[in-house]
Every structure is written in structure tokens, then in C-alpha cells.
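Structural description and commentary
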Amino acid sequence: SEDIGDLGPIRWQLLLCYLLAWIFVCATLSRGVKSSGKVVYFTATFPYIILVILFIRGILLEGAYDGIMFYITPDLDRLASADVWKDAAVQIFFSLSASWGGLIALSSYNKFHNDCFRDTVIVTFGNCLTSVFAGFVIFSYLGFLAQDTGMAIADVAEKGPTLAFVVYPFAVTKLPISTLWSILFFIMLVTLGVDSQFVLVETVSTSFLDLFPRARKFKAATVFGFGLLFFLLGLTLTTNGGVHMLDLIDYYAGGWNVLVIALCECIALGMVYGCRRFTADIETMLGSKVCGIFPFIIWKYWFSLCWVVLTPLALLFILFYSLIFYTRLDSQPHWADALGWGMTLSVILAIFIPAIVLLIQTPGTISQRFKILTTPTREWGPALPKYR
């Protein structure tokens, strides 16, 4: 459709695929973390196999060299764009699942002495290397497509869903045995999407079950209940104008609010709870751990510097820079931007409204209230008595 104001009817083909995806996600998560963990062994490793296959095929194409050179040649002028900084920050937060709650929700199922330091090093380095490698795969095909169509690579390399669902599939249709490459590419996209959805739904259901422990006996019903709610909320994405709604959600729902969450986490952890107390907690769980050449005793000072100084400053810079030079979505009505800001603020207000309510309800002067609310309770600590 023309814009978000004209969504049009629901497309039954999209609706059935959407329903099938949700049934698969809920059925997997309803059995608990162990069952979803087994599925993730496949969904997390299979995309690597596909990426390697697509990379080998991609670098053999005409124009692949030009595409790769475009990818690895920096354009420093783009650093003056606020959107570039915001997109880069949001992308690293999304790909690492930092400040989305997923890491905390899933790690809560770990054993107390799990080597979270090793996991951190492996996941962060693995994630960034994967992103760089995926760029080589994508731009080898974009270089081929640019040469085939006679267009500039910069014009071909559009960001957002257009790249994944229009440009790249079109490039694949130009290859011999195009059906094979199309199937491999979309299987990779499905497994990546399902993987992300596992974590996001598990985050919500785990938070709900922690808040209402009695509901743990009804894990399957809880997961399917949230699945039905999210399914209904996403029905607009299956309409003729679903791509406009997707652009709106992509631009507003997972951008500024994630940066605010990260900033609040850094302040709470580094300046309220305290870095020394937090690193002492980690050392209690780890003992004297070394991951490769990385001993935690040395890296904890770097982590503390990031939590207290570097990360908050970087986040404040990106937040203010992107808000000062804010640009609204192209060709969308103004009420759509208002809807988008509503998505952003709904998350931010969910942080500050409970905090304000607690401040009002707590007895004493303002300073006393802050002291009470920022002091660990007697129950704070490991859940099992043997670890206390």
C-alpha cells in the first residue's frame, strides 16, 4: 500500500506463515529452557553453514571484488551522520541482546558457578567476527548485482528490510540454480528470526514467572498466553501495508529506549550498587578464572571503567546527538511518528514510573527514601543457602 495510513486487508498467505512461526516458537518454549536449548543448537549453528556456502559461491561471482572493496573501504564523512551512530549502537545492542533482558533471563537458569566470564568473551568476540564475515557475504552479492544491473553499489546497498527481502533475493535469482540458493538463504533467515524470538519470548515469560512464582506450574499456558497476545499485536504486519508498520517498529521500538535502558543499567550497577560489590559477586561465582589469555583479575578493572565511565558517556553522546539531529521517517504521516514515539516512551516510562511510585510509598525524608531503596535487603544474595 501507499503508506501506513492504508494498511489494507490481511494477506492470508502471510497470516498462515506468521501463525506457523508462532506455534513453533511457543511449542518449543512451552517445554522449558532445556528443550529450547536443544533446538537452539541447530538454529544457532545452521546459519554459519549457510553463510560459508553462500560466501564461497559469492566470491566466485563477477563484481564480487568491487562489492567487497566497497564494504571494507571506510567513508569517514558518514561519521558526521547521527543516524549512523544510533544505528551502529542499536545494532550491537540487538545482536548481543544487551539491555533487552535476554542475557539476564537466560543466565538466570545457569548454575551458580557457571563461567560467565568465558561466555562473555566468546559471545562478544564471536558476535562481532560473525557480523564482519556476514558483511563479506552480503557485499559479494551486492557487487555482482550492481555489475549485472549497471547500478552503483551505493544505490544497490539499501538498509532495512528492503536489503533482506528485495535486493538480496533478487541478486540470488540471477545465479544459476537460483532456487537452491533462495531456499538456503531464506532457511537461514527463518532460523535467525526464530532464534531471536526464542530469547525475546523467554525473557517476557521468565520475568512474569519470577514475579508470580505460583504460575510456574503453568509454564506452557503462560508461554502460549503471551504468544497469543504477541500474535494479535503483530497482525498489522501481515497486511498490504505491513512493511510500513515494520519500518515504524524498527525505527522507534528498538532504538532510543534500548540506549536509555543501558544507561540506567550502568548507573544502577556502577554507581548505585557499586562496581566493587558487583565484581566481588562475580569473583564469588567464578573463583580465579582465566579465559585463554584473559585473567578476570585484570579485566575486571577494564569492565569497571566501561560500566562507570566509558559506556555511560558513549550512550549519552549517541542519545543527545541522535535526538538533536532527529529525522522523521520518510513518506510517513505525522501521526505515525507520534505512534512511534509512544512505543519508545512506553518502555522508558515503565522504568521510571515504578521508581517514582516506590519513592512516594517509602516512609522518611527524600534522602532516607533513596538510601532505603538503594540498599540491598537482607534477602539479597544467592538463592541457595549453600552458596551464601
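Residues numbered from 1 in each chain as written. Predicted model: local features only at pLDDT ≥ 70, side-chain atom pairs only at ≥ 80, totals over all residues. Heavy atoms only, no water.

Description of the packing of aromatic side chains
In total, this model carries 29 aromatic pairs according to the counting rule given. Each ring, one from F208 and one from F212, has its centre 5.0 Å from the other, and the planes form 50 degrees; the classification is tilted. Using a relative accessible area of 31% as the deciding quantity, one classes F208 as partly exposed. The class for F212 is partly exposed, based on a relative accessible area of 43%. Pairing Y252 with W256 gives two aromatic rings, centres 6.1 Å apart and planes at 45 degrees, and the pair type is tilted. Here Y252 matches W256 in class, with each residue buried. Counting every residue linked through ring pairs, the aromatic cluster contains W22, F208, F212, F226 and F230. Its guanidinium or amino end placed over the ring of Y273, R277 lies 5.1 Å from that ring's centre, counting from NZ or CZ. (Phe/Tyr/Trp six-rings, centres within 6.5 Å; stacked < 30°, edge-to-face > 60°. Buried < 20%, exposed > 50% of the residue type's maximum accessible area, 1.4 Å probe, protein only. Lys NZ or Arg CZ within 6 Å of the ring centre and 35° of its normal.)

Examining a nonpolar patch on the surface
A cluster of nonpolar side chains, W302, L305, V309, L310, L313, L316, F320, I324 and F325, forms an exposed patch at the surface whose accessible area comes to about 870 Å². Positionally, W302 belongs in helix α13 (residues 296–324). (Patch = residues over 30% accessible without salt bridge, like charges linked within 9 Å, V, L, I, M, F, W, Y side chains within 5 Å. Areas by Shrake-Rupley, 256 points an atom, 1.4 Å probe, with all protein chains shown as cover. Salt bridge = Lys/Arg side-chain N within 4 Å of Asp/Glu carboxyl O. Helix = DSSP H or I, 4+ residues; strand = E, 2+ residues; numbered from the N terminus.)

Notes on the nonpolar core
Counting residues in hydrophobic clusters, the biggest one holds 23 residues, and the most contacted among them are L54, Y141 and Y168. When contributions to this core are tallied by element, the ones reaching two or more residues are α2 (33–58), α6 (116–149), α7 (153–156), α8 (161–173) and α9 (178–211). At 7 residues, α6 tops the list of elements feeding residues into this core. The contacts of Y168, once residues within four sequence positions are left out, are L54, V137, I138, Y141, L163 and F185. Residues L248, L259, L263 and A336 belong to the second largest nonpolar core, which totals 19 residues. (Core = buried A, V, L, I, M, F, W, Y, C linked by side-chain atoms within 4.5 Å. Contact = heavy atoms within 4.5 Å.)

Here we look at the environment of L339
With respect to the helices and strands, L339 occurs in helix α14 (residues 334–361). Residue classification places L339 among the partly exposed positions, given a relative accessible area of 38%. When the C-alpha atoms of L339 and Y252 are compared, they prove to be 9.0 Å apart, with 87 residues separating the residues in sequence.

Section: unusual backbone geometry
Residue S99 is not a glycine yet carries a positive backbone phi of 70 degrees. Within the secondary structure, S99 is located in the loop between α4 (82–96) and α5 (102–107). By relative accessible area, which is 14% here, S99 ends up buried. Backbone geometry places I177, a non-glycine residue, at a positive phi of 50 degrees. With respect to the helices, strands and loops of the structure, I177 is situated in the loop between α8 and α9.

Some points on the packing of α6 against α8
In contact at an axis separation of 9 Å, α6 and α8 are set at 60 degrees when each is read in the N-to-C sense. The two elements α6 and α8 cross, and the hand of that crossing is left-handed. Note on element contacts: α8 touches α6 through L163, V167, Y168, F170 and A171, opposite V137, I138, Y141, L142, F144, L145 and T149. Tallied by class, the residues present in the contact of α6 with α8 amount to 11 nonpolar, 1 polar and no charged. (Axes fitted to C-alpha atoms, helices over the stretch in contact; angles between N-to-C directions. Left-handed = near helix turned anticlockwise from the far one by under 90°. Nonpolar A, V, L, I, M, F, W, Y, C, P; charged D, E, K, R; others polar.)

Regarding the UniProt feature "binding site: Na(+)" (unreviewed entry) in the chain
UniProt records the feature "binding site: Na(+)" (unreviewed entry) at S95, N127, L192, D195 and S196, using the numbering of this structure. The largest pairwise C-alpha distance within this set of annotated residues, which runs over 102 residues, is 14.1 Å, so the set is compact in three dimensions. Relative to the elements of secondary structure, S95 occurs in helix α4. Residue S95 is classed as partly exposed on the basis of its relative accessible area of 28%. Its place among the elements puts S196 in helix α9. Overall, S196 belongs to the partly exposed group, its relative accessible area being 31%. (UniProt positions renumbered as here; feature names shortened; annotations may be inferred.)

Considerations on the pattern of salt bridges
This model, assessed by the stated rule, comprises 5 salt bridges. Ionic pairing is found between E283 and K300, a salt bridge with its closest N-O pair at 3.1 Å. Of this pair, E283 sits in helix α12 (residues 256–286) while K300 sits in helix α13, and the two are 17 residues apart along the sequence. Between D337 and R328 there is a salt bridge whose closest N-O contact spans 2.7 Å. Judged by relative accessible area, R328 falls into the partly exposed class, the value being 30%.

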